[in-house]
Amino acid sequence: MKSVLIIGCGWLGMPLAVRLHEKGYKVSGTTRQAERRALLEAQGVQMLPSHEISGYYNAVICTLTPPKTESDRALHQSIAASARKFEIPQLIYTSSISIYPDVPQLMDEEKADASSSMGQLEALYRQEYNDATILRLGGLYGGERHPAFYLSGKNSVPKPMAVINLVSQERVISAIELTVDKGIKGETFNIVDPEHPTRKKYYTEVCAQLGIPAPEFENTIDKGKVVDDSKWKLWFE
C-alpha cells in the first residue's frame, strides 16, 4: 500500500486526504485545527502532531501557504530538507500563479518571476530537494469559497477586460491525485480551469447565479496575464 503524507489538511488538503484514503492509499496528515483533526481521524486518516516529516513515505504533499515570517520560511525549508533526508521518492508542493508578472502575455511555466516571493520559495524547495514537483495553482474556489463573495458589491474594480485564471477545488484534487498516481518527479505544471472569460463577464454572471450584488468595474481596457495550462493537458488530458 502506497503511503502519503499531506502537510496542511486545510481547505484543499482535507478533501484531498479523504480522496486518497478512499482510493486505497495509507494517508497521514497534519493540521493545527482540532476539529479537522477529529474529522479526518474518524475517516481513517492518521493525524500527526506537527508539520514535520519524521519518517519514510512514498509521497509527501505540502499544501501550506507561502511563508509570512522567517519561522514560516524555516518550516518550508525543513520540509524539503527532511524529504531529502528520509529519501522520500516524491515531493509535491502546491505553489501559485502569483509567480507570474501581471502583464498581458500568455504565461507558460518558463516565464516565472524568479525574484518574486513565490519564485524564491520554489527555488528553496528545488535547492533542498531537486526533484520536487511544483503545481502552480490558479485562484482557488469550490464549496462555499469563491472570490465572487469578496468582490460582490464593490465599486471601481480594476481590469474588467483582463481574463480570470481560476481553478476549482475538484480540478486541483484530481491533478494532485494523478501526479501521485503517476509518480511524477521534478516537473512544474500550471493548474487552471480551461476557460478564461473576462473578469467583468465572469463575475457578473457568477454573482447573478449566487444571488449576490455584482461588482461595478472601472471603465478601462487594461488586460492581464493568461496562464497557459497546455503542458498539463499535453501530459494528462
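As a reminder, the structure under discussion sits directly above these lines.
Novice: Could you give an account of the packing of helix H3 (residues 70-85) against helix H4 (residues 117-128), with specific residues and numbers?
Specialist: Orientation of H3 relative to H4, taken along the N-to-C sense of each, is 30 degrees, at an axis distance of 8 Å. Here H3 lies roughly parallel to H4, going by the angle between them. The element H3 and its partner H4 pack so that their crossing is right-handed. Along the contact surface, H3 presents Arg73, His76, Gln77, Ile79, Ala80, Ala81 and Arg84, while H4 presents Gln120, Leu121, Leu124, Tyr125 and Glu128. In terms of residue class, the contact of H3 with H4 is built from 6 nonpolar, 3 polar and 3 charged.

Novice: How would you summarise the pattern of salt bridges if you had to cite specific residues and measurements?
Specialist: Taken as a whole, this structure holds 11 salt bridges when the rule is applied. A salt bridge links glutamate 177 to lysine 23; the nearest nitrogen and oxygen atoms lie 2.9 Å apart. Here lysine 23 lies in helix H1 (residues 13-23) and glutamate 177 lies in helix H6 (residues 169-182), a separation of 154 residues in the sequence. Here aspartate 229 makes a salt bridge to lysine 233, at a shortest N to O gap of 3.4 Å.

Novice: Now, about the side chain of glutamate 177: what can you tell me, with residues and values included?
Specialist: The exposure class assigned to glutamate 177 is buried, which follows from its relative accessible area of 14%. When neighbours within four sequence positions are excluded, glutamate 177 is seen to be in contact with Arg19, Leu20 and Lys23.

Novice: Lay out the sheet that holds strand E1 (residues 3-7) with the relevant residues and their values.
Specialist: Read from one edge to the other, the open sheet built from 7 strands follows the order E3-E2-E1-E4-E5-E7-E10, with strand pairing classed as parallel. In this open sheet, the two edge strands, each paired with only one partner strand, are strand E3 (46-48) and strand E10 (188-191). In this sheet, neighbouring strand axes are inclined to one another by 20 degrees on average, regardless of whether the strands run parallel or antiparallel. The pairing of strand E5 (residues 90-96) with strand E7 (residues 133-137) spans 5 bridges and is classified as parallel. What sits directly across from serine 96, in E7, is leucine 137. Sitting on the sheet, H6 is in contact with E1, strand E4 (59-62), E5, E7 and E10, with an inclination near 155 degrees to E5.

What counts, and where the lines are drawn
- Residues numbered from 1 in each chain as written.
- Predicted model: local features only at pLDDT ≥ 70, side-chain atom pairs only at ≥ 80, totals over all residues.
- Heavy atoms only, no water.
- Axes fitted to C-alpha atoms, helices over the stretch in contact; angles between N-to-C directions.
- Helix = DSSP H or I, 4+ residues; strand = E, 2+ residues; numbered from the N terminus.
- Parallel < 35°, antiparallel > 145°, perpendicular 65-115°, else oblique.
- Left-handed = near helix turned anticlockwise from the far one by under 90°.
- Contact = heavy atoms within 4.5 Å.
- Nonpolar A, V, L, I, M, F, W, Y, C, P; charged D, E, K, R; others polar.
- Salt bridge = Lys/Arg side-chain N within 4 Å of Asp/Glu carboxyl O.
- Buried < 20%, exposed > 50% of the residue type's maximum accessible area, 1.4 Å probe, protein only.
- Pairing = 2+ DSSP bridges.

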